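Fold and contact review
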Amino acid sequence: MTQSYISIGSNIDATKNIANAKRELSNIFTCTYSDNFYSEAEGFKGKDFINLVAGFETSLDPISLTQTLKSLEEKIGRDINQKGMRDRVIDLDLILFGDLIMKDQGIELPSSDIEDYLFVLEPLAEIAGDIKHPVSKQTFLSLLSKIKS
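Cut-off values and rules
- Residues numbered from 1 in each chain as written.
- Predicted model: local features only at pLDDT ≥ 70, side-chain atom pairs only at ≥ 80, totals over all residues.
- Heavy atoms only, no water.
- pLDDT = per-residue confidence, 0-100.
- Helix = DSSP H or I, 4+ residues; strand = E, 2+ residues; numbered from the N terminus.
- Axes fitted to C-alpha atoms, helices over the stretch in contact; angles between N-to-C directions.
- Parallel < 35°, antiparallel > 145°, perpendicular 65-115°, else oblique.
- Left-handed = near helix turned anticlockwise from the far one by under 90°.
- Contact = heavy atoms within 4.5 Å.
- Nonpolar A, V, L, I, M, F, W, Y, C, P; charged D, E, K, R; others polar.
- Salt bridge = Lys/Arg side-chain N within 4 Å of Asp/Glu carboxyl O.
- Buried < 20%, exposed > 50% of the residue type's maximum accessible area, 1.4 Å probe, protein only.
- Core = buried A, V, L, I, M, F, W, Y, C linked by side-chain atoms within 4.5 Å.
- Pairing = 2+ DSSP bridges.

1. Looking at the confidence of the model for the protein chain
For the protein chain, mean pLDDT is 91; residues scoring 70 or higher make up 93% of the total. Looking at the elements of the protein chain, mean pLDDT is at its lowest for helix H5 (residues 140-148), recorded as 89, and at its highest for strand S2 (residues 32-33), recorded as 98.

2. Remarks on the packing of helix H1 (residues 14-28) against helix H2 (residues 62-76)
Axis separation between H1 and H2 bottoms out at 10 Å; the angle between their running directions is 135°. Compared by their axis directions, H1 and H2 come out oblique. Our pair here, H1 against H2, has a crossing hand that is right-handed. Across from Asn17, Asn20, Ala21, Glu24, Leu25 and Ile28 in H1, the residues of H2 making contact are Thr68, Leu69, Leu72, Lys75 and Ile76. Of the residues in the contact of H1 with H2, the class split is 6 nonpolar, 3 polar and 2 charged.

3. Remarks on the pattern of salt bridges
Counting across every chain of the model gives 5 salt bridges. Residues Lys75 and Glu24 are paired through a salt bridge, measuring 3.1 Å at the closest nitrogen-oxygen approach. Of the two residues, Lys75 is situated in helix H2 and Glu24 in helix H1; the sequence distance between them amounts to 51 residues. For Asp91, the salt bridge goes to Arg88, with nearest N and O atoms at 3.6 Å. Each member of the pair, Asp91 together with Arg88, is buried.

4. A short note on the nonpolar core
With 24 residues, the main nonpolar core has Ile6, Ile8, Leu25, Ile90 and Leu92 as its most contacted residues. If you list the elements that add at least two residues to this core, you get strand S1 (2-10), H1, strand S4 (49-58), H2, strand S5 (91-97) and strand S7 (107-109). If sequence neighbours within four positions are ignored, Ile90 has contacts with Ile8, Gly9, Ser10, Asn17, Ile18, Ala21, Glu73, Ile76 and Arg78. With 13 residues, the next largest nonpolar core counts Tyr5, Val53, Leu96 and Ala125 among its residues.

5. So, the environment of Leu124
Secondary-structure assignment places Leu124 in helix H4 (residues 118-128). With 65 residues separating them in the primary sequence, Leu124 and Ser59 have C-alpha atoms 21 Å apart. Ignoring sequence-local partners within four residues, the contact set of Leu124 consists of Tyr5, Val53, Ile95, Ile114, Gly129 and Phe140.

6. Quick look at the side chain of Thr66
Here Thr66 is to be found in helix H2. The residues contacting Thr66, other than those within four sequence positions of it, are Leu94 and Ile107.

7. Let's talk about the pairing of S4
Where burial is concerned, most of S4 is hidden: 9 out of the 10 residues are buried. With 9 bridges connecting them, S1 and S4 associate as antiparallel partners. Looking across to S4, one finds that Thr2 is bridged to Thr58. With 2 bridges joining them, S2 and S4 adopt antiparallel strand pairing. By the bridge assignment, Tyr33 is partnered in S4 with Ala54. Across 3 bridges, the pairing between strand S3 (residues 37-39) and S4 is antiparallel. Counted as the bridge partner of Ser39 is Phe49 from S4.

Spelled out as structure tokens, the structure:
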């Protein structure tokens, strides 16, 4: 079993779709969830987002887990046009898979989103603050304090 973390975000019926995502994820995994974090749309004009991070252990490999997340997105109502910087029903992205470092088949681990977006790092630091980033070897709380200072 590998400890994994995913980022969750929505800005279309966000409260409802975040609740749906948590229900679907909890049907598959035993999850720990961060609090909800609220942020403005970045890179486009859109409604504000609700973002959070979920952590869980899985026996799936990163590719199978990513496919599972994409299937859940579709089940919740995300369509193929909701890619890139735009409004979305739900976004479920694998951001950390143990201490695995990889860039293959469209999967980047650890995700650069951790260091690029406060709305990913802040909820991750809340539930996994003492865990070290696989590349920088700094804890997520330490990374967060550097960004916020």
